[in-house]
Amino acid sequence: MGRLGAVAVLAAMLMMNEGQAMEIQQFKLDNGLNVVVVPDHRVPVVTHSVWYNVGAMDEVPGKTGLAHMTEHLMFKGTPRHPAGEMDKIVQRKGGVQNAFTSYDFTAYFQKVPVQELPVMMDLESDRMAHLTLTDPVFQPERKVVAEERKLTTDSNPADRFMEQVMRRHYAHHTYGHPIIGWRQDIAGYTVNDALDWYHHHYAPNNATLIMVGDITADQARPLAEKYYGAVKPADVPARKSPVEPVRKEALSYIAVDAQVKVPLWEVLFRAPSRFHGVADAKPAKGEATALWALAEIVGGSDSARLYQRLVVKDGLADDASAGYDAIRVGETTWDVSVQPKDGVTADKIGPVVWQVLQDVVDHGVTQAELDKAKTTLLADEIYGRDDVFNTMYRLGVWVTAGGDVKHFDDWQGELRTLTTADVQAVAKKYLKSEASTLAVLVGKPAQLGTLQPTKDN
Ligand SMILES: [Zn+2]
């Protein structure tokens, strides 16, 4: 069956109210470790991952980047498995491994033949409790991270710029910190900072073990008990971030950087995530799903409103899209991103984007647009589950944001019953100028048109 045929079948399923909930098994160890298993027996492989409920959002000013720094240190070995040994074992067993740090989580994963699962559990549980963390280990790795910052953020004008945009957009909330950390913070923290971080956050009662692949909860439980069961729980501080207060006026950050080859025009709106409202508000049920559909209709594809208007009709841009990231611990953003065409000044973009958005606020979206968005979103999600890494990742993001896996598929029911009025309501509520941050980056002052660069502070 080709892709088009499959999409039609999914559309029919939506009509018939048939869900596509995934089989998710879950249990908890006595030490508090949350264990999630998604059986997928197509190939004898398993993705084994540990997700800690800690990330850049948990950092304090002056110590930014510690979550990412600790991720690096987790590869520095334990008394039983010295530095480098884990990598060698994973390779020898025919596996791959990696780790990632984000605002809401720090995660470690290995993909291995299923018979090697006990070895992975042994290695991962060992470094959950027995990391070797001394100054001679710490200092060289701190330099590695400083160098990483130089080669990534500091060498990339768009990344440097977005760091400044987010610092302004989240002036109070820790989402305004760069994940890699500010340069002066990386230069300043010590092995004791890392030890504190590790001891307070790396514990079974602050983690979820997620396995996707050729395994069931019944098979996983005795193994998890054997390897992870011995790790002691810790006193884990509650997660909190300073509240980003309600704003009274729009923000903007406009910059010229001679290194920029492709100009960038963006507007970010403050928006609720599934788990947290704007400022300190509670998220209203269904709003995240409505904002998700709104992003698809306004800017999810070449046939969406922004692209049709800015690229096809007006010829002002090479690309135009909208995006929304619903699964966060805190509030999130609903964004429009435009790449102005060569020769079109950045000041020409805003008025047209605002017309497109205001039209949705005033007149809503059509039933045909909503039906198409529902089918596309459902298809993308369901097909995405064919990839075990993707399934593991989505579940990890969900649980570390505060989600219960029992509700992982609730969006399907919400999407099915979503109406055009729901979509218009969130557009009206959240696409407001005073809740927005405009971000414009160009290579030459002339590309700004009438816009003025922001004075740096
Ligand atoms: Zn790194």
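The paragraphs below set out a description of the structure included in this document.

Rules and cut-offs
Residues numbered from 1 in each chain as written. Predicted model: local features only at pLDDT ≥ 70, side-chain atom pairs only at ≥ 80, totals over all residues. Axes fitted to C-alpha atoms, helices over the stretch in contact; angles between N-to-C directions. Helix = DSSP H or I, 4+ residues; strand = E, 2+ residues; numbered from the N terminus. Parallel < 35°, antiparallel > 145°, perpendicular 65-115°, else oblique. Contact = placed C-beta atoms within 7 Å. Nonpolar A, V, L, I, M, F, W, Y, C, P; charged D, E, K, R; others polar. Pairing = 2+ DSSP bridges.

1. Digging into the packing of helix H10 (residues 287–299) against helix H11 (residues 305–313)
With their axes 4 Å apart at the nearest point, H10 and H11 run at an angle of 25° to one another. In terms of their interaxial angle, H10 and H11 are classed as roughly parallel. Facing H10, whose interface residues are Ile-297, Val-298 and Gly-299, H11 presents Arg-305, Leu-306 and Tyr-307. Taken together, the residues that form the contact of H10 with H11 break down as four nonpolar, one polar and one charged.

2. Description of the sheet that holds strand E9 (residues 317–324)
Within the open sheet, the five strands sit side by side as E7-E11-E8-E10-E9. Their pairing is mixed. This sheet does not close on itself; its edge strands, each paired only once, are strand E7 (251–256) and E9. Taking the axes of each pair of neighbouring strands and ignoring which way they run, one obtains an average angle of 10° across the sheet. Note: strand E8 (residues 264–271) against strand E10 (residues 332–340), seven bridges, orientation antiparallel. When the bridges of E10 are listed, Glu-266 appears paired with Ser-337. Helix-sheet contacts for H11 involve E9 and E10, and the interaxial angle to E9 is about 160°.

3. Quick notes on unusual backbone geometry
Although it is not a glycine, Ala-279 sits at a positive phi angle of roughly 55°. Among the secondary structure elements, Ala-279 is positioned in the loop between E8 and H10.

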